[in-house]
Amino acid sequence: MARVTGIGGVFFRASDPQALNEWYRTHLGITQPDLSVWMQDGGPTVFSAFAAATDYFPADKQWMLNLRVDDLPGLILALRAAGIAVETRPDWDGDGSYGRFARIHDPEGTPIELWQPPA
């Protein structure tokens, strides 16, 4: 049976696409098609709908990005040094069986969950 093999792109509207693309490139290392295609490392991807009433991310946002990272503490330090607010909560990490988590927002308010999977 034919099947989907991965995510080919994430496309969304922005008030200032060029500035937002640059923010993602500068702070998260995600390149855009007009610069070069972002080649992801292999690893798990969660694709999951949430209940409309979820409080896992803001009610005024239809979606949230979850980005897999390889060094969450190092990325948190770099983001904070760049003046980007980073939220961490012990209850997000639980017993560590799902890894470690932090949250940021892009300049247009999109919530971004940073996820370092367990070793």
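Up top is the structure these notes are about.
What you are looking at is a predicted structure, and each value in this text was computed from that prediction instead of being measured. (Residues numbered from 1 in each chain as written. Predicted model: local features only at pLDDT ≥ 70, side-chain atom pairs only at ≥ 80, totals over all residues. Heavy atoms only, no water.)

Colleague: A description of the environment of A59 should follow, citing residues and the corresponding values.
Modeller: Following the sequence through the fold, A59 ends up in the loop between α1 (17–28) and β1 (65–68). Expressed as a C-alpha distance, the spacing of A59 and P44, which sit 15 residues apart in the sequence, is 26 Å. (Helix = DSSP H or I, 4+ residues; strand = E, 2+ residues; numbered from the N terminus.)

Colleague: Tell me about the nonpolar core, and name the residues and values.
Modeller: Residues W23, Y24, L28, L79, I104, I112 and L114 are the most contacted members of the largest nonpolar core, which totals 18 residues. When residues of this core are traced back to their parent elements, those giving at least two are α1, β1, α2 (72–81), β2 (100–105) and β3 (111–116). (Core = buried A, V, L, I, M, F, W, Y, C linked by side-chain atoms within 4.5 Å. Buried < 20%, exposed > 50% of the residue type's maximum accessible area, 1.4 Å probe, protein only.)

Colleague: Could you give me a rundown of the pattern of salt bridges, with the residues and numbers involved?
Modeller: Here the structure, examined in full by the defined rule, presents 4 salt bridges. Taking the shortest distance from any N to any O, the salt bridge between R25 and E22 comes out at 2.4 Å. Of this pair, R25 and E22 both sit in helix α1, separated by 3 residues, roughly a single helical turn. We note a salt bridge from E87 to R89, for which the minimum N-O separation is 4.0 Å. If you follow the salt bridges from partner to partner, you end up with E87, R89 and D91 in one network. (Salt bridge = Lys/Arg side-chain N within 4 Å of Asp/Glu carboxyl O.)

Colleague: Provide a residue-level description of a nonpolar patch on the surface, including the pertinent values.
Modeller: Where nonpolar side chains cluster on the molecular surface, the patch consists of I7, V10, F12, F47 and W63 and spans about 530 Å² of accessible area. According to the relative accessible area criterion, I7 is partly exposed, its value standing at 48%. (Patch = residues over 30% accessible without salt bridge, like charges linked within 9 Å, V, L, I, M, F, W, Y side chains within 5 Å. Areas by Shrake-Rupley, 256 points an atom, 1.4 Å probe, with all protein chains shown as cover.)

Colleague: Describe the packing of aromatic side chains, and please don't skip the residues or the numbers.
Modeller: Tallied over the entire structure, the rule returns 6 aromatic pairs. Members of the aromatic cluster, joined through ring pairs, are F12, W23, Y24 and W63. Over the ring of Y56 we find R103, and its NZ or CZ is 4.5 Å from the ring centre. (Phe/Tyr/Trp six-rings, centres within 6.5 Å; stacked < 30°, edge-to-face > 60°. Lys NZ or Arg CZ within 6 Å of the ring centre and 35° of its normal.)

Colleague: Lay out α2 with the relevant residues and their values.
Modeller: Every buried residue belonging to α2 is among L72, L75, I76 and L79, and all of these are buried. The buried residues of α2 all sit within an arc of 105 degrees when viewed along its axis, so they share a single face. Set apart from the buried face of α2 by more than 90 degrees, the exposed residues are L77 and A81. Next to the buried residues of α2 lie α1, β2 and β3. The N-cap residue of α2 is D71: its side-chain oxygen and the backbone nitrogen of G74 are 3.0 Å apart. Where α2 terminates, the next one or two residues include G83, which has phi positive at roughly 85 degrees. (Arc of directions from axis to C-beta. Contact = heavy atoms within 4.5 Å. Polar contact = N/O pair within 3.5 Å; in protein donor to acceptor, adjacent residues only side chain to side chain.)

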